[in-house]
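Geometric and topological summary
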Amino acid sequence: MQLRTDREGSSVYRLLQKLALRKLIREINPYHPIHIEGQTISAGERNCQDRWLVIQKVIAESRGTVLDLGCAEGYFVQRAAREYGSFVLGVDADLRRLTIAQDTNLLNKNERAGFMYAHITPEFLSQIPAFDTVIFLSVLHHIMYEHGIDYARRFMKLIREKTAKSLIFDMGQSNETAMEWASLLPDMGPNPEIWIKEFLRSCGFSNVTEVGQTDAYKSSVVRTIFLARP
């Protein structure tokens, strides 16, 4: 009997891995676009290109370490590692999305990208090191409507301590009235970007600027993307 070579065994493993990934992707609605070896497997529910245009400019300037809190399927993590050679860590607590992120990253052979399973809590934040660039997109409003604005402010102060150079940030807004959670947020008034700027300043960020816009999730409302400096 002829034994299978290591190369043949590796090829079979990669094929099985891809088949399992495709099945998982079909079972969920991926939030991010998913690419494997240059092929688009899923377009994702969010158009990430507008946010990536902002992220890549910041990373190109700092050329340092990157942390993506709430990384979902890892679109930004993989692009930052592949295109800029940054050491990038993505963190998420959704096992299905994190599995897709980890497996596609291995198939794409991104050496400087990694993923961690963790709930993003104050306890978790207190234990991690500082990163040059922190990406924190479309997460804080969930924390705010579940735990209140004071808790959210303390949470962001911890993120401020872990941000060495730049925070890339957006959040759900109270004018996204099609969403049930919008009424649970503080009233941000007719200009949510002004309210969010002041909130970030109250968390210890000294320089907060508007650097882009992005579509809200399943909504026609436009969100503002912010760059905050410690």
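Scope of this entry: the structure provided in the associated data block. (Residues numbered from 1 in each chain as written. Predicted model: local features only at pLDDT ≥ 70, side-chain atom pairs only at ≥ 80, totals over all residues. Heavy atoms only, no water.)

Quick notes on the overall build of the chain
- On a plain count of helices and strands, the chain comes out with eight helices and nine strands.
- For a compact globule of 230 residues, the expected C-alpha radius of gyration is about 17 Å, and the chain comes in at 19 Å, within 12% of that figure.
- Along the first, second and third principal axes, the C-alpha set of the chain runs to 75 × 35 × 30 Å.
- Each of the 230 residues in the chain was classed as buried or not, and the buried ones make up 51%.
- When contacts within the chain are restricted to residue pairs at least 6 apart in sequence, those whose partners lie at least 24 apart make up 67%.
- Summing over all exposed atoms, the chain offers an accessible surface of approximately 11,500 Å²; the carbon and sulfur share of this is 50%.
- Once the 28 positive and 27 negative side-chain charges of the chain are each reduced to a mean point, those two points are 5 Å apart. (Helix = DSSP H or I, 4+ residues; strand = E, 2+ residues; numbered from the N terminus. Rg over C-alpha atoms; globule rule 2.2 N^0.38 Å. Buried < 20%, exposed > 50% of the residue type's maximum accessible area, 1.4 Å probe, protein only. Contact = heavy atoms within 4.5 Å. Areas by Shrake-Rupley, 256 points an atom, 1.4 Å probe, with all protein chains shown as cover. Lys, Arg positive; Asp, Glu negative; His and termini not counted. Charge placed at Lys NZ, Arg CZ, Asp CG, Glu CD.)

A short note on the packing of helix H2 (residues 49-62) against helix H3 (residues 75-84)
- The N-to-C vectors of H2 and H3 enclose an angle of 40°; their axes lie 11 Å apart at closest approach. Between H2 and H3, the angle is such that the two are oblique. Crossing geometry of H2 relative to H3 is assigned as right-handed. Of H3, the residues touching H2 (which contributes Gln49, Arg51, Trp52, Ile55, Gln56, Ile59 and Ala60) are Tyr75, Phe76, Arg79, Ala80, Glu83 and Tyr84.
- Split by residue class, the contact of H2 with H3 holds eight nonpolar, two polar and three charged. (Axes fitted to C-alpha atoms, helices over the stretch in contact; angles between N-to-C directions. Parallel < 35°, antiparallel > 145°, perpendicular 65-115°, else oblique. Left-handed = near helix turned anticlockwise from the far one by under 90°. Nonpolar A, V, L, I, M, F, W, Y, C, P; charged D, E, K, R; others polar.)

Focus on the pairing of strand S5 (residues 113-117)
- Inspection of the sheet shows strand S4 (residues 88-92) paired to S5 by five bridges, in the parallel sense. Bridge pairing in S5 places Val91 opposite Met116. (Pairing = 2+ DSSP bridges.)

Regarding H2
- Given a rise of 1.5 Å per residue, 14 residues ought to cover 20 Å, and the 20 Å separating the end C-alpha atoms of H2 matches this to within 8%.
- Within H2 the residues assigned to the buried category are Asp50, Arg51, Trp52, Val54, Ile55, Gln56, Val58, Ile59 and Ser62. (Expected span 1.5 Å × (residues − 1).)

A few points about the state of the cysteines
- Under the criterion given, the structure shown has zero disulfides.
- Sulfur of Cys71: no disulfide; nearest cysteine sulfur belongs to Cys48 and is 12 Å away. (Disulfide = S-S within 2.5 Å.)

Focus on the packing of aromatic side chains
- Counted under the stated rule, the structure contains seven aromatic pairs.
- Both rings, one in Trp52 and one in Tyr84, keep their centres 6.3 Å apart while their planes meet at 50°; by these two values the pair is tilted. Taken as a pair, Trp52 in helix H2 and Tyr84 in helix H3 lie far apart in primary sequence, 32 residues in all.
- Owing to a relative accessible area of 0%, Trp52 belongs among the buried residues under this scheme.
- An angle of 5° between the planes, with centres 5.6 Å apart, marks the rings of Trp195 and Phe199 as stacked. Separated by four residues within a single helix, Trp195 and Phe199 lie in helix H8 (residues 192-202), roughly one turn from each other.
- Cluster of aromatic residues (ring-pair linked, three or more members): Phe136, Tyr151, Phe155 and Phe169. (Phe/Tyr/Trp six-rings, centres within 6.5 Å; stacked < 30°, edge-to-face > 60°.)

Describing the pairing of strand S9 (residues 222-229)
- Of all eight residues in S9, six are buried, a share of seventy percent or more.
- Here strand S7 (residues 163-170) runs beside S9; their pairing, made up of three bridges, is antiparallel. Across the sheet, residue Ile168 finds its bridge partner in S9, namely Leu227.
- Pairing between strand S8 (residues 207-215) and S9: eight bridges, direction antiparallel.

Considering helix H6 (residues 140-147)
- Turning to H6, its buried residues number three or more, namely Leu140, His141, Ile143 and Met144. The arc that holds the buried residues of H6, viewed along the axis, is 160°, so those residues lie on one side.
- Where H6 is buried, its residues contact strand S6 (131-137), helix H7 (149-161), S7, H8 and S9.
- Within two residues after H6, Gly148 carries a phi angle of roughly 100°, on the positive side. (Arc of directions from axis to C-beta.)

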